[in-house]
Amino acid sequence: MVKSAGDGFVPIFSTHIFHHGAVNGVTGSCHELAVDVNPVTIDDARHRYVIDCGLFQGAETAGVATESLLAINFSLDNVAALLVTHCHIDHVGRIPYLLAAGFTGPIYCSTATAILLPEVIEDALKVAGFKSYVITSAILKRLTEQLVAVDYHQWQALPLAFNDPALSVKARFQPAGHILGSAFIEFEIQHQADKKCIERVIFSGDLGACYTPLLPAPKPPYRCDKLVIESTYGDANHVGRKRRRAALASVLKRCVADNGVVLIPAFSIGRTQELLYEIEEILHRLSLKSSLSDAEKVLNQIDIIIDSPMAAKFTKDYRHLQQCWDKEARRKVKQGRHPLSFEQLMVVNSHQQHLEVMDYLDKHRQKVPAIIIAASGMCSGGRIVNYLKRFIEQPSTDILFVGYQAEGTPGRIIAKYGPKQGYVYLDNQKYTINAQVHAMSGYSAHADQKDLLRFVKRMRIKPKHIRIVHGDNKAKQALKAQLQRLLPNTEVVIGALHQSR
């Protein structure tokens, strides 16, 4: 009989979980696992592990000074390691500030994330206004020196903050299906004097939806004693894959019917590649049809433009890391198809090219339709903002949202008020939303309520304690109610921001 907290056994070590972000919304993910043997109080010296260190965005930044948003407002004493679930900016954007605050320990992540992370951080520094090549190079050098790549499914022994022969802490990264390299993290804490004294603590990171393109769905762990789980779509369910693709094809046909531009805000990592994969499938199916409607003929010849150097770079990384793809995607490659590099795909790299493309589309308005995929996914920065400023007031423009829009972001405002011909402020200038606005949340890379419940339900040994984070309050409350119904003997709480020690 394995002794664990889940079996009612009180171990001679203790674990505590603290939250430093992603509790008032979906950004700024940063959590802490603290472990110690026979502590007198929870604030005694302990071995501490930080999980993610992301940027705050959207409504969570309102009225807060930039310095406060970037600051590492928790002690680094006895922090033995940082572990990264995936490299979206809301999970890794504050890592440079963690390094600047004095963190010198190892940074563990999956093998694919280790490849992508330096590129993400370099881009984030540019966006943040770091113009010094020397400073940027120094940060990236520190980052790569501290990075430790760990293959999926492999246990990695973690360092302790100080010599403690009574304790063993290890972790492994399991595929999360969210973006390339994404993982949920299993911690195993064990007392060396009693190998049966063991506890499993799991941080979900961002879980992917089942049956999403390209990546395999996450498989629940066998055992979990304590669980920290995201809740982005804790109150909603996505439509099925076939219906989703059919809906995307239908929307695209409607969008190109008036020869206007179609703007799709999308994150550079994950969403862009999923969209390309699905668009290639739509075009492939059109190529097999004996006759096409007028809208299908336009769609079959239209330019698909990625106007994002980062998205283009990460799309290349996705192609090089095909071992991370699911069976369906690899089968298409064997058939001679190129899901992320097809004939109609164009890539815009330089800023000058970006300006020229916008000018050309504006000059040939309603004569040269095009589909533009550009970051950022919530319209809070990046080249998509320039496209919106140029085309959002034109009735022939279509804006297609395919992912979550956080409260307070321009994307959320456009999605909410666009159908009412409202307005949005972009770079402090007011724009009337005359464009047609479409939303397809089913293309989110996040698990929906059903997926989240399935993740917990299929664990053979289920958690006795669950913390819900990374979601709006309505989503967290809805998921809490469902989890309590599913596991009446489990303590289910909503994570709260930890007050700095």
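Residues numbered from 1 in each chain as written. Predicted model: local features only at pLDDT ≥ 70, side-chain atom pairs only at ≥ 80, totals over all residues. Heavy atoms only, no water.

## Regarding empty space enclosed by the protein
In step 1: What the rule picks out here adds up to three cavities of 30 Å³ or more.
In step 2: Here the largest cavity is characterised by a volume of approximately 80 Å³.
In step 3: Considering the residues around the largest cavity, the lining is formed by 14 residues, among which S29, H31, H91, G205 and V469 are closest to the centre.
In step 4: Residues belonging to the lining of the largest cavity are distributed by class as follows: five nonpolar, six polar and three charged.
In step 5: In this structure, the second largest cavity spans a volume of roughly 50 Å³.
In step 6: Forming the boundary of the second largest cavity are N259, G260, V261, L361, H364, R365, Q366, V368, F391, Q394 and S396.
In step 7: For the lining of the second largest cavity, the residue count by class is four nonpolar, six polar and one charged. (1 Å grid on protein atoms, 1.4 Å probe; cavity = no way out; pocket = protein on both sides within 12 Å on 5 of 7 lines; lining within 4 Å. Points joined across faces, edges and corners; volume = space filled by probe spheres on them. Nonpolar A, V, L, I, M, F, W, Y, C, P; charged D, E, K, R; others polar.)

## A look at the side chain of T136
In step 1: Structurally, the position occupied by T136 is in helix α5 (residues 133–146).
In step 2: We classify T136 as buried; its relative accessible area is 11%. (Helix = DSSP H or I, 4+ residues; strand = E, 2+ residues; numbered from the N terminus. Buried < 20%, exposed > 50% of the residue type's maximum accessible area, 1.4 Å probe, protein only.)

## Observations regarding the layout of surface pockets
In step 1: Of the pockets and cavities examined, the second largest pocket occupies roughly 410 Å³.
In step 2: Elements that contribute at least two residues to the lining of the second largest pocket include exactly β8 (167–175) and α10 (327–334).
In step 3: Of the residues assigned to the lining of the second largest pocket, the class counts are 13 nonpolar, six polar and four charged.

## Quick notes on the packing of aromatic side chains
Two measures describe an aromatic ring pair: the distance that separates the ring centres and the angle between the ring planes.
In step 1: Following the criterion strictly, the structure yields six aromatic pairs and no others.
In step 2: Taking the centre distance of 5.7 Å and the plane angle of 75° together, the rings of F187 and F203 count as edge-to-face. Note that F187 is positioned in strand β9 (residues 183–191) and F203 in strand β10 (residues 194–203), a separation of 16 residues in sequence.
In step 3: Judged by its relative accessible area of 1%, F203 falls in the buried class.
In step 4: Pairing Y423 with Y425 gives two aromatic rings, centres 6.0 Å apart and planes at 90°, and the pair type is edge-to-face.
In step 5: On the basis of relative accessibility, which here comes to 44%, the residue Y423 falls in the partly exposed class. (Phe/Tyr/Trp six-rings, centres within 6.5 Å; stacked < 30°, edge-to-face > 60°.)

## Topic: the sheet that holds strand β6 (residues 147–150)
Strand pairing in a sheet takes place through backbone hydrogen bonds and is either antiparallel or parallel in direction.
In step 1: What the six strands build is an open sheet, ordered β1-β2-β3-β4-β5-β6; its pairing is mixed. A single partner strand is all that each edge strand has here, and the edge strands are β1 (13–21) and β6. Across this sheet, the average inter-strand angle for adjacent strands is 25°, counted without regard to direction.
In step 2: Sheet strands touched by helix α4 (residues 111–127): β5 (107–110) and β6. Its angle to β5, the strand with the most contacts, is close to 115°. (Pairing = 2+ DSSP bridges. Axes fitted to C-alpha atoms, helices over the stretch in contact; angles between N-to-C directions. Contact = heavy atoms within 4.5 Å.)

## Here's the deal with the pairing of strand β15 (residues 370–374)
In step 1: Within β15, five of the five residues are buried, which leaves it mostly tucked inside the rest of the structure.
In step 2: The two faces of β15 match: A370, I372 and A374 on one face and I371 and I373 on the other face are all buried.
In step 3: Judged from the five bridges that link them, strand β12 (residues 261–265) and β15 form a sheet pairing that is parallel. Bridge pairing in β15 places I264 opposite I373.
In step 4: The pairing of strand β13 (residues 303–307) with β15 spans four bridges and is parallel. Bridge pairing in β15 places I306 opposite I373.

## A closer look at the pattern of salt bridges
In step 1: Inspection of the entire model under this criterion finds 25 salt bridges.
In step 2: Here E278 makes a salt bridge to R241, at a shortest N to O gap of 3.3 Å. A residue pair is termed long-range when its members are at least 10 positions apart, and E278 in helix α7 (residues 271–287) and R241 in helix α6 (residues 241–256) qualify at 37 residues.
In step 3: Note that E278 is salt-bridged to R245, the shortest N-O span being 3.6 Å. One end of the pair, E278, is in helix α7; the other, R245, is in helix α6, and 33 residues separate them in sequence. Taken individually, E278 and R245 each receive the classification buried, so the pair is uniform in this respect.
In step 4: Taken together, the salt bridges that share partners define one network made up of K170, R172, E186, E188 and R200. (Salt bridge = Lys/Arg side-chain N within 4 Å of Asp/Glu carboxyl O.)

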